[in-house]
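One-letter residues, chain by chain:
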Amino acid sequence: MPKDGITPRAHDYSQWYLDIVQQADLADYAEVVKGCIVFKPTGYAIWEAIQRGLDERIKATGHVNAYFPLLIPKSFLMKEAEHVEGFAPEVAEVTRASGEELAEPYVIRPTSETIIGYFYSKWVRSYRDLPLLINQWANVMRWEMRTRPFLRTAEFLWQEGHTVHASEEDAERETLMILHDVYADFVEKDMAVPVIKGLKSEKEKFPGALRSYCIEAMMQDGRALQAGTSHNLGQNFARAFDITYTDQNNTIQLAWTTSWGVSTRLIGALIMSHSDDEGLVVPPRLAPTQVVVVPIYKNDTERSAVLAAIQQITADWKGRLRFKIDDRDNLTPGFKFNEWELKGVPIRLEVGPKDVANRSVAIARRDQPGREGKVIAPQAGLTERLTALLDAIQQTLYDRALAFRNARTADVTTYDDLKQQVERGFARCYWAGSTEDEKRIQDETRATIRCIPLEQPQQSGRCVYTGKETTRQVIFARAY
RNA sequence: CGGGGCGUGGCGCAGUCUGGUAGCGCACAGCGUUUGGGACGCUGGGGUCGUGGGUUCAAAUCCCUCCGCCCCGACCA
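Remember, predicted model here, so these are calculated numbers, not experimental data. (Residues numbered from 1 in each chain as written. Chains lettered and ligands numbered in written order. Predicted model: local features only at pLDDT ≥ 70, side-chain atom pairs only at ≥ 80, totals over all residues. Heavy atoms only, no water.)

Chemist: Help me out: how do you make sense of the sheet that holds strand E19 (residues 374-378) in this one?
Modeler: Hydrogen bonds along the backbone pair up the strands of a sheet, which may run parallel or antiparallel. If you trace the five strands from one edge of the open sheet to the other, you get E16-E15-E17-E18-E19, paired in mixed fashion. Bordering the open sheet on either side are strand E16 (323-325) and E19, each of which pairs with just one other strand. Neighbouring strand axes in the sheet, compared pairwise and without regard to direction, differ in orientation by 25 degrees on average. With five bridges connecting them, strand E15 (residues 291-295) and strand E17 (residues 347-351) associate as parallel partners. Across the sheet, Val 292 pairs through a bridge with Arg 348, a residue of E17. Sheet strands touched by helix H9 (residues 300-313): E15, E16, E17 and strand E18 (360-365). Its angle to E15, the strand with the most contacts, is close to 155 degrees. Packing against the sheet, helix H12 (residues 382-407) makes contact with E17, E18 and E19, and its axis sits at approximately 10 degrees to E18. (Pairing = 2+ DSSP bridges. Helix = DSSP H or I, 4+ residues; strand = E, 2+ residues; numbered from the N terminus. Axes fitted to C-alpha atoms, helices over the stretch in contact; angles between N-to-C directions. Contact = heavy atoms within 4.5 Å.)

Now the structure itself:
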């Protein structure tokens with residue numbers, strides 16, 4: 001039974017998403033600041049968990065964190081032709097300060113390639129300085145015409161890695177390593193969201209990049225969501241900002257750079273991958289609270305007996321489980337069950353007088369909402385049982401999402417089939433068309449090439465649009 | 001930028017057509033009874049009706065202006 005006030009997914013997926021965001025208390029519209037949201041504590045806690053998982057991996061792969069200015073001289077943005085063109089429509093400018101017109105306007109960063117490029121040109125002298133591997137956690141601003149909480153907001157939080165390398169091969173290796181070992185690994189293992197790793201088409205690549213790689217996830221409505229991107233910038237930004245180094249032969253060489261980022265959009269991906277009509281579902285590895293304990297009692301005597309039992313049960317949880325004891329006295333247990341279900345806590349424990357007497361507990365798992373997912377278990381060995389259950393829930397969520405994606409992915413060989421397939425999910429097909437062809441398809445179907453998967457077939461086939469023989473397959477889908 | 005919708009206690013809405021000085025549900029506060037899947041009773045507090053102007057004896061309501069927000073589309077992480 002859906003919660004009051006949550007629009008069922010089948011009825012209106014978009015409204016369902018907005019309802020979840022509001023009712024699970026993840027975010028508030030900033031109202032007075034157009035296109036922005038407030039990350040409420042519950043939503044921000046998820047972001048912190050995402051940050052933790054990514055930051056560990058970013059550091060484990062040799063990067064360090066730094067921080068660059070929010071404001072970028074406008075002229076910097078103009079230095080890379082494609083980059084200007086790509087971002088010009090959505091940058092906000094600062095033209096006045098202390099009551100005066102500024103000599104040169106600043107833009108609020110939509111991304112930091114340019115200002116970081118400026119500093120890198122000063123920092124990089126010798127091949128011994130390379131590779132330079134820096135990441136920053138920051139907010140950026142893109143003045144979008146249409147916004148949706150987490151998925152697209154005027155200001156958003158992200159990490160952006162910016163690296164410099166001596167050769168194209170090194171830059172390419174970095175770009176792909178980030179894609180595999182940082183982004184795909186994190187999103188699949190911690191977020192339980194399966195992704196397709198691929199290359200962006202010319203039309204979809206980052207403005208100024210040589211090549212853009214991405215991970216694409218499928219949401220429950222069959223639409224694609226780009227969950228992360230990693231760009232081999234070639235020498236474009238090195239040329240624009242004069243990032244050069246002296247090599248072993250004392251010759252000056254132009255460097256190769258990369259950049260890569262994931263944003264608070266991942267929170268949107270998380271919501272749209274796992275949640276249901278009962279509310280949010282957070283995978284255990286990311287859940288700020290993994291287990292909530294609800295005491296049940298009729299009077300003060302029972303209350304103190306139950307709370308004492310809970311203290312005993314949870315005694316060895318610290319450091320092993322992230323948990324919360326919901327001892328609020330003014331709410332009924334039923335209300336709490338629904339509230340925690342709405343907020344997506346993976347496991348709920350109920351402890352009442354019967355459990356005190358029987359040395360048992362009731363365990364309910366969020367991936368099986370309602371009474372159905374509830375079992376009675378002995379208190380003995382509970383911690384191990386819960387740890388295992390969290391792993392099982394994590395796996396279930398991933399398996400479920402993968403099964404869904406597979407069911408909604410189809411190989412298509414004709415344009416008519418493609419048109420139909422993008423209504424429900426991913427259309428995989430051979431592709432030898434041009435950027436113009438891709439645009440035409442977008443106009444006609446609203447679908448775009450989400451990526452050219454890194455995993456390609458051995459045999460060739462006919463292009464779904466032009467009929468030309470090709471070995472390249474792509475994924476078409478409607479995207480967020 | 002185009003299309004649509006909405007601005008009335010914290011939230012969701014009614015009241016607007018047909019002008020008469022604001023109401024309902026939830027939430028909130030107090031007290032009591034409750035508590036294994038969204039408890040109940042009683043009492044109570046809280047609103048410049050988005051803004052500015054106009055019409056009128058009288059405006060949430062009629063007329064004009066402006067503003068904001070949300071949704072759908074084009075653009076994008």
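Chemist: Sorry if this is basic, but what is going on with the pattern of salt bridges here?
Modeler: Think of it this way: side chains of opposite charge can pair up when their charged atoms draw near. Scanning the model with the defined rule gives 33 salt bridges in all. With a shortest N-O distance of 3.6 Å, Glu 82 and Lys 205 are connected by a salt bridge. Placement of the pair is Glu 82 in helix H4 (residues 81-87) and Lys 205 in the loop between strand E9 (196-199) and strand E10 (211-218), with a sequence separation of 123 residues. On the basis of relative accessible area, Glu 82 is assigned to the partly exposed category, the value being 37%. Exposure remark for Lys 205: the relative accessible area of 14% places this residue in the buried category. We note a salt bridge from Arg 328 to Asp 326, for which the minimum N-O separation is 2.8 Å. (Salt bridge = Lys/Arg side-chain N within 4 Å of Asp/Glu carboxyl O. Buried < 20%, exposed > 50% of the residue type's maximum accessible area, 1.4 Å probe, protein only.)

Chemist: Any chance you could explain the side chain of Thr 258 here in plain terms?
Modeler: Examined against the element boundaries, Thr 258 turns out to sit in strand E14 (residues 256-263). One polar contact links Thr 258 to Thr 163, side chain to side chain, over a distance of 2.4 Å. Ignoring anything within four residues of it in the chain, the contact list for Thr 258 reads Gly 161, His 162, Thr 163, His 165, Ala 171, Glu 174, Thr 175, His 231 and Leu 233. (Polar contact = N/O pair within 3.5 Å; in protein donor to acceptor, adjacent residues only side chain to side chain.)

Chemist: Mind showing me how you'd approach the environment of Gly 268 here?
Modeler: Following the sequence through the fold, Gly 268 ends up in helix H8 (residues 265-274). In this structure, the C-alpha to C-alpha distance between Gly 268 and Ile 296, residues 28 residues apart in sequence, is 34 Å. Filtering out sequence-adjacent residues up to four positions away, Gly 268 remains in contact with Tyr 17, Phe 150 and Leu 151.

Chemist: Please explain the pairing of E18 as it appears in this structure.
Modeler: Side chains on a regular strand alternate between the two faces of the sheet. Buried residues dominate E18, accounting for six of its six residues. Side chains Ser 360, Ala 362 and Ala 364 of E18 all project onto a buried face; the interleaved residues Val 361, Ile 363 and Arg 365 project onto the opposite face, where all are buried too. Where E18 lies against E19, five bridges are found, and the strand directions are antiparallel. Directly across from Ser 360, in E19, lies its bridge partner Pro 378.

Chemist: Honestly, the protein's contact with RNA strand B in this entry has me stumped. Any pointers?
Modeler: Neighbouring residues of RNA strand B: 44 residues in total, closest Arg 146, Arg 152, Arg 265, Asp 355 and Arg 371. Between RNA strand B and Arg 148 there is a distance of 3.3 Å, counted from a phosphate oxygen to a side-chain nitrogen or oxygen. At six residues, the largest contribution of residues to the surface near RNA strand B is made by helix H10 (residues 333-342). Class assignment of the residues belonging to the surface near RNA strand B gives a composition of 13 nonpolar, eleven polar and 20 charged. (Near = heavy atom within 4 Å. Nonpolar A, V, L, I, M, F, W, Y, C, P; charged D, E, K, R; others polar.)

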